[in-house]
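# Residue-level structural notes
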Amino acid sequence: MTKDALNDKSLLTIDDVAEAAGVSRSTVSLVLRNSPLVAARTNEKVREAIARLGYVYNRKAAIRARLSYLIGVIIPDLSNPFFSDLAAGIDSVLNDEGWVSLVGNCWESAAKQDLIIQRMQEHKVDGLLICPAVDSGKGFAERLEQTGFPVLQVLRRLGSNSDNYLGVDYSQGVSLAVDHLWSLGHTDIAFLGAAPHHSAATERRQGFEAAMKRHGLEPRYKACELTRSGGASAVGELYAQPGAPSALVCFNDIVALGAMAGLDRIGKRVGTDVSVVGFDNVPEAAFVRPALTTIDSNARQLGAEAAKLMLTSVKDGVRAAVDAPMPTRFVLRETTGPAHQTSTEARSSLLTPVSFSSSAK
């Protein structure tokens with residue numbers, strides 16, 4: 001032990017404690033981490049030496065020494081531009097902080113997801129950001145907790161814990177879509193998308209049902225695969241029947257873009273004959289024609305916030321603390337117009353901007 005260390009307690013090291021207690025450095029480290037592997041008498045000797053020397057354990061420095069500077073990211077479908085944007089938001093923050101993202105695409109498969117998690121454990125990632133696969137099954141949230149590293153669920157929530165989940169205010173976002181269509185005179189509005197197999201789908205449908213009932217309207221649903229072809233096929237079936245709706249609220253922009261193509265095939269003018277609202281505001285939404293009216297769920301911002309929460313959790317050795325879901329924003333473009341209007345009236349209606357916004361609750 002050096003003279004400087006005796007005079008300045010902040011210079012004391014684990015090696016100094018080990019020397020004073022007559023044990024190995026690794027034994028001192030185990031005692032400081034409250035490991036049950038150390039015998040009671042040895043534990044007592046080490047703690048006596050710590051008290052005698054006045055050694056203060058720098059827990060943050062110890063955590064830094066064990067870091068791999070890798071954060072695991074599991075995405076259900078990277079072919080969806082929303083998830084690509086989410087991953088970009090995560091990566092931008094991690095890169096700035098000196099971490100690297102290890103991205104796995106599970107293609108909505110629980111089996112692939114389990115394999116990716118195993119590989120990430122082998123690479124000793126410092127934490128895991130995951131949007132769980134649809135078929136993750138019961139008990140998956142509990143298995144996540146047993147991985148040994150901090151976990152933050154993103155966009156989809158599994159299990160009863162709410163403090164390790166960061167999501168979007170889906171319900172409020174869908175409500176904004178319904179409110180907009182109702183303000184245009186639409187009373188026959190259908191929700192086009194998936195059955196509630198996960199929390200993001202359940203919350204969207206709950207928001208749709210609540211908003212429709214608030215306006216005294218009867219909710220309508222049309223299930224489809226969450227793909228462009230799924231949206232196109234669904235509207236083909238829906239509008240082949242009498243009494244088809246005058247407006248569609250779509251699960252996401254991918255379904256909405258498919259629905260627009262399907263409506264065009266059967267001679268329906270989007271924004272005139274049928275109004276369409278998407279969800280997510282993927283980059284493509286602004287460049288199709290007509291440009292897609294949608295709900296912006298701020299994918300890149302969400303990814304950045306998730307990465308910040310994870311790094312705080314890793315650096316401080318605490319669970320990620322999430323206060324509320326991220327807010328959504330209504331984006332008016334060209335795919336909505338007044339119910340039962342002429343094409344001339346539709347073009348005129350686009351000149352009158354309408355602005356909606358939501359706040360996280």
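Here we summarise the structure given alongside this text. (Residues numbered from 1 in each chain as written. Predicted model: local features only at pLDDT ≥ 70, side-chain atom pairs only at ≥ 80, totals over all residues. Heavy atoms only, no water.)

Next up on the list: the sheet that holds strand β8 (residues 247-250). As a general point, the strands of a sheet are linked pairwise by backbone hydrogen bonds and lie either parallel or antiparallel. Taken together, the four strands give an open sheet; going across it, the order is β7-β6-β8-β9, and neighbouring strands pair in parallel fashion. Both edges of this open sheet fall to β7 (220-223) and β9 (275-277), since each of them pairs with a single strand only. Going from strand to strand, the sheet's axes swing by 25° on average, the running direction of each strand aside. In the sheet, strand β6 (residues 189-193) pairs with β7 via four bridges, with the strands oriented parallel. Counted as the bridge partner of Gly 193 is Ala 223 from β7. Each of β6, β7 and β8 is contacted by helix α11 (residues 228-238), which is oriented at about 130° to β7, the strand it contacts most. In this fold helix α12 (residues 253-265) packs onto β6, β8 and β9, with an angle of close to 150° to the strand it touches most, β8. (Pairing = 2+ DSSP bridges. Helix = DSSP H or I, 4+ residues; strand = E, 2+ residues; numbered from the N terminus. Axes fitted to C-alpha atoms, helices over the stretch in contact; angles between N-to-C directions. Contact = heavy atoms within 4.5 Å.)

This brings us to the state of the cysteines. Counted under the stated rule, the structure contains zero disulfides. Cys 131 supplies the cysteine sulfur nearest to Cys 106, a cysteine that is in no disulfide, at a spacing of 8.1 Å. For Cys 106, a relative accessible area of 0% puts it in the buried group. You can call Cys 131 buried: its relative accessible area is 1%. (Disulfide = S-S within 2.5 Å. Buried < 20%, exposed > 50% of the residue type's maximum accessible area, 1.4 Å probe, protein only.)

On to the pairing of β8. Neither face of β8 is exposed, since Ala 247 and Val 249 on one face and Leu 248 and Cys 250 on the opposite face are all buried. Pairing geometry for β6 and β8, over four bridges, is parallel. Bridging from a neighbouring strand, Ile 189 pairs with Ala 247 of β8. Where β8 lies against β9, three bridges are found, and the strand directions are parallel. Pairing of Ala 247 across the sheet is with Ser 275, part of β9. Considered for its hand, the β-α-β crossover made up of β8, α12 and β9 is right-handed. (Right-handed = clockwise from strand over helix to strand, strands pointing away.)

On to the packing of helix α3 (residues 25-32) against helix α4 (residues 40-53). Contact geometry of α3 with α4 gives a least axis separation of 10 Å together with a crossing angle of 90°. Put simply, α3 runs roughly perpendicular to α4. In contact with Thr 27, Val 28, Val 31 and Leu 32 of α3, α4 contributes Thr 42, Asn 43, Val 46, Arg 47 and Ile 50. Its residues placed into classes, the contact of α3 with α4 shows five nonpolar, three polar and one charged. (Parallel < 35°, antiparallel > 145°, perpendicular 65-115°, else oblique. Nonpolar A, V, L, I, M, F, W, Y, C, P; charged D, E, K, R; others polar.)

For the largest pocket, the calculated volume is near 490 Å³. Of all the secondary-structure elements, those providing two or more residues to the lining of the largest pocket are α6 (81-96) and α10 (199-214). Counting residues per element, the lining of the largest pocket draws most heavily on α6, which supplies three residues. Considering only residue class, the lining of the largest pocket consists of 13 nonpolar, six polar and seven charged. (1 Å grid on protein atoms, 1.4 Å probe; cavity = no way out; pocket = protein on both sides within 12 Å on 5 of 7 lines; lining within 4 Å. Points joined across faces, edges and corners; volume = space filled by probe spheres on them.)

Moving on: the environment of Val 274. In this fold, Val 274 is placed in the loop between α12 and β9. We classify Val 274 as buried; its relative accessible area is 2%. Sequence separation of Val 274 and Ala 244 is 30 residues, and the distance between their C-alpha atoms is 9.6 Å.

Judged by pairing direction, the sheet is parallel, and its five strands sit side by side in the order β2-β1-β3-β4-β5 without closing on themselves. The strands lining the two open edges of the sheet, one partner per strand, are β2 (100-105) and β5 (165-166). Where strand β4 (residues 151-154) and β5 come together, two bridges link them in parallel fashion. In the sheet register, Val 154 faces β5, and the bridge partner there is Leu 166.

Considering the arrangement of structural elements, one finds Leu 129 in strand β3 (residues 127-130). Sequence spacing of Leu 129 and Gly 303 is 174 residues, and the spatial spacing of their C-alpha atoms is 9.4 Å. Discounting residues that sit within four places of it in the chain, Leu 129 has contacts with Ile 71, Gly 72, Val 73, Ile 74, Ile 90, Leu 152, Val 154, Ala 306, Ala 307 and Met 310.

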